[in-house]
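# Structural overview for review
So the chains spell out like this:
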Amino acid sequence: MTAPYHSIVIGGGHNGLTCAAYLARAGKRVLVLEAADRVGGAAVTRSFAPGFKVSACAHLLHQMPQDIITDLGLIRHGLVFAAEAMPTISLAADGPHLRLPARVNGGLSGEDVTAYSTFMARMRRFAAHLRPMLSRTPPRLGTGTAADNGALLRLAWEIRSLGRTGMRDLLRIIGMNMYDLVEECFASPALRAAVAFDAVLGTNFGPRSPGTVLTFLYRLAAESGACGAAMAQPRGGMGTVSDALAAAAQAAGAEIRVAARVARVAVRDDRAVGVLLADGETIAGRHVISNADPRTTFLNLLGAEHLDTGFVRRIDHFRQRGLTAKVHLALSAAPPFRDLALAGLRSRMIIAPSLSYVETAFNATKYGDYSASPAMEIVVPTASDATMAPAAQHVLSAVVQYAPYSHTDGWSAVKQNFLDRIIETIETYAPGLRGLIIAAELLTPADIETEFGISGGHWHHGELAFDQFFMVRPVPGATQYESPLEGFFLCGAGSHPGGGVMGLGGRNAARQVLKKAA
Ligand SMILES: Cc1cc2nc3c(=O)[nH]c(=O)nc-3n(C[C@H](O)[C@H](O)[C@H](O)COP(=O)(O)OP(=O)(O)OC[C@H]3O[C@@H](n4cnc5c(N)ncnc54)[C@H](O)[C@@H]3O)c2cc1C
């Protein structure tokens, strides 16, 4: 094999593309190999019924930092927003809906409106101190290197600069569950649930699960530097973000090949030296960077024979089975949500009427069942973007909590029942919806695994919990975007800082590769 490439990126998900773009901008020769016939991974737009398109997995852009958008010129490369600063509406079956940011309406008392803004200011302050961590390579403990010591000191300083009261407060709440925290803060059941819902979306947690304050702060930290004033909908769906990233990478000189599945990482003399494609082609590269999830990366692409047994056990135990499903409905008219005209549909709607509703929805999954009354995040992309459906027709896209990775009765036996339950649940808030449905699609975590190649189908490529977070993400031995094999790196959601369409894993990994290659 000749060695023409500085780096080969396995996977053209948004993190792989971001990584490639930054490496190419640093003057490196980069090749991206994507198994699917389009780039984007879980950030794509595709059709699901004749004439109807949808963001097939991620549907809202709320965590991509403005500086990545600016650095890579994503607007110049085609990123346009159909909706920005979208409010959240927590749907009520009767009575007024709750709108966030909160104002005195929808049955919220003046006390709760004040409590909400005090609470969010308090949480945003913590998030602002956590935010710099997301853009940095996490330190390793006990190495004694100047870089790791410096990073640990910076981390300690961030926390220290909260002051005595702030530090005490953060330490008190960080290990708590959201259920208890929001009960302390608000009286309105709908407000409690709406806030707690953001802590559990995309996770394997219910509001009572320990560590959910951490997931809430993490989400807020990522949102705090984001473009589009947090919730935004790209025109043409999430695929527009990935296409803009691909265009930026190519403009900087990176090569991208789709329909190019990598079968194995090529190893010689205990270092990665390239890849072997499924069609038998070999391609040489001095660095190989995997955008695939940790299990796929280490057990399928590299192979246990190149790893020690302790490391293989840790990867085997990495928790990466998702509990989040996705539903797409093609509709002959705008969905008839009660008291919401078309303008109201340009928001992010959630079904999370109370804490016990969300917790009960979660309970079912402990016994291998789906939620009979699921919690949901719903958007109607066509309310702001006519390119997604035929004229006057609409698309509804819902992230559904919760669906187990494997159902005790087998998904093929129960999938239609679950879809019916989801539609019935939405109909409680949008009477007459069923009569408008032209086509419906349900993706369980197992379907997400099959379609997007994410082992376990997890939003973050693996649970974001204390034991799989920051300095130990994904597992000891594979932190800092590196791996036990020389020249082999990670850049996907399974590495720090985790999932969500933000590009930070890709950018941080590129920085680490350049540092190692220097
Ligand atoms: C149901 C659901 C809804 C979500 N909603 C949102 C949302 O609204 N907003 C948000 O910000 N986030 C959301 N997320 C999370 C977000 O989509 C992911 O965290 C993010 O897209 C992961 O990006 P990535 O680039 O790290 O990995 P991926 O997007 O998974 O990309 C990995 C790429 O590697 C490729 N690949 C794998 N194996 C190989 C191989 N052998 N050879 C070549 N290529 C390979 C895959 O095909 C894929 O393209 C959602 C996730 C789910 C599951």
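Here, the structure is the one placed above.
Residues numbered from 1 in each chain as written. Predicted model: local features only at pLDDT ≥ 70, side-chain atom pairs only at ≥ 80, totals over all residues. Heavy atoms only, no water.

## Some points on the overall build of the protein chain
Check the secondary structure of the protein chain and you find 15 helices and 18 strands. A compact globule built from 518 residues would reach a C-alpha radius of gyration of about 24 Å, and the protein chain, at 22 Å, matches this within 12%. Each principal axis of the C-alpha atoms in the protein chain carries an extent, and together these give about 70 × 60 × 45 Å. Put simply, the protein chain has 518 residues, and 60% of those count as buried. For the protein chain, contacts bridging at least 24 residues in sequence account for 75% of all contacts bridging at least 6. When the accessible surface of the protein chain is totalled, it reaches about 19000 Å², and 53% of it is carbon and sulfur. Distance from the positive charge centre (48 side chains) to the negative charge centre (43 side chains) of the protein chain: 6 Å. (Helix = DSSP H or I, 4+ residues; strand = E, 2+ residues; numbered from the N terminus. Rg over C-alpha atoms; globule rule 2.2 N^0.38 Å. Buried < 20%, exposed > 50% of the residue type's maximum accessible area, 1.4 Å probe, protein only. Contact = heavy atoms within 4.5 Å. Areas by Shrake-Rupley, 256 points an atom, 1.4 Å probe, with all protein chains shown as cover. Lys, Arg positive; Asp, Glu negative; His and termini not counted. Charge placed at Lys NZ, Arg CZ, Asp CG, Glu CD.)

## With respect to the layout of surface pockets
Of the pockets and cavities examined, the second largest pocket occupies roughly 500 Å³. Around the second largest pocket, the lining is made up of 22 residues, and of these Tyr 116, Met 120, Arg 124, Glu 223 and Ala 230 lie nearest the centre. When contributions to the lining of the second largest pocket are tallied by element, the ones reaching two or more residues are α3 (110–134), α7 (189–200) and α8 (212–224). Considering each element in turn, the lining of the second largest pocket owes the most residues, five residues, to α8. Looking at the lining of the second largest pocket, its residues break down into 15 nonpolar, two polar and five charged. (1 Å grid on protein atoms, 1.4 Å probe; cavity = no way out; pocket = protein on both sides within 12 Å on 5 of 7 lines; lining within 4 Å. Points joined across faces, edges and corners; volume = space filled by probe spheres on them. Nonpolar A, V, L, I, M, F, W, Y, C, P; charged D, E, K, R; others polar.)

## What to know about the nonpolar core
By size, the foremost hydrophobic cluster in this structure holds 131 residues, and its most contacted members are Met 178 and Phe 337. Counting residues per element, this core draws most heavily on α3, which supplies 11 residues. For this core, the domains that each give at least three residues are domain 1 (5–41 + 67–79 + 237–319 + 459–517) and domain 2 (114–223). Those residues in contact with Phe 337, other than ones at most four positions away along the chain, are Leu 91, Leu 345, Met 349, Ile 378, Leu 396, Ile 426, Tyr 429 and Ala 430. The next biggest cluster of nonpolar side chains, apart from the first, holds 26 residues, and it includes Ile 8, Phe 318, Ala 478 and Phe 488. (Core = buried A, V, L, I, M, F, W, Y, C linked by side-chain atoms within 4.5 Å. Domains from an automatic or database assignment.)

## Overview of empty space enclosed by the protein
The final tally for this structure, using the stated rule, is three cavities of 30 Å³ or more. Estimated volume of the largest cavity: approximately 110 Å³. Around the largest cavity sit 14 residues that line it, and Leu 201, Thr 215, Tyr 218, Arg 219 and His 460 are the ones nearest its centre. Among the secondary structure elements, those contributing two or more residues to the lining of the largest cavity are α7 and α8. Ranked by residue count, the leading element in the lining of the largest cavity is α8, at three residues. Here the residues of the lining of the largest cavity sort into five nonpolar, seven polar and two charged. Summarising the domain contributions, the lining of the largest cavity has at least three residues from each of domain 1 (5–41 + 67–79 + 237–319 + 459–517) and domain 2 (114–223). Estimates place the volume of the second largest cavity at around 70 Å³. In terms of lining residues, the second largest cavity is bounded by Val 54, Ser 55, His 59, Leu 60, Gln 233, Pro 234, Gly 237, Val 379, Pro 381, Asp 385, Met 388 and Ser 397. Contributions of two or more residues to the lining of the second largest cavity are made by β4 (52–55) and β8 (233–234). Each residue belonging to the lining of the second largest cavity can be placed in one class, and the counts come to six nonpolar, five polar and one charged.

## Notes on the side chain of Ser 7
Inspection of the secondary structure puts Ser 7 in strand β1 (residues 5–10). With sequence-adjacent residues up to four places away left out, Ser 7 is seen in contact with Leu 23, Arg 29, Val 30, Leu 31, His 287, Ile 289 and Val 513.

## Some thoughts on the site of the ligand
Residues in contact with the ligand amount to 33 residues; listed here are only the nearest, Glu 34, Leu 60, Trp 459, Gly 500 and Val 501. Here an oxygen atom of the ligand sits 3.0 Å away from a polar atom, N or O, in the main chain of His 59. The protein chains hide 97% of the 1000 Å² of surface that the ligand would expose on its own. Secondary-structure elements contributing two or more residues to the shell around the ligand are α1 (14–25) and α14 (445–452). Among the residues forming the shell around the ligand, the class breakdown is 17 nonpolar, 14 polar and two charged. (Near = heavy atom within 4 Å. Polar contact = N/O pair within 3.5 Å; in protein donor to acceptor, adjacent residues only side chain to side chain.)

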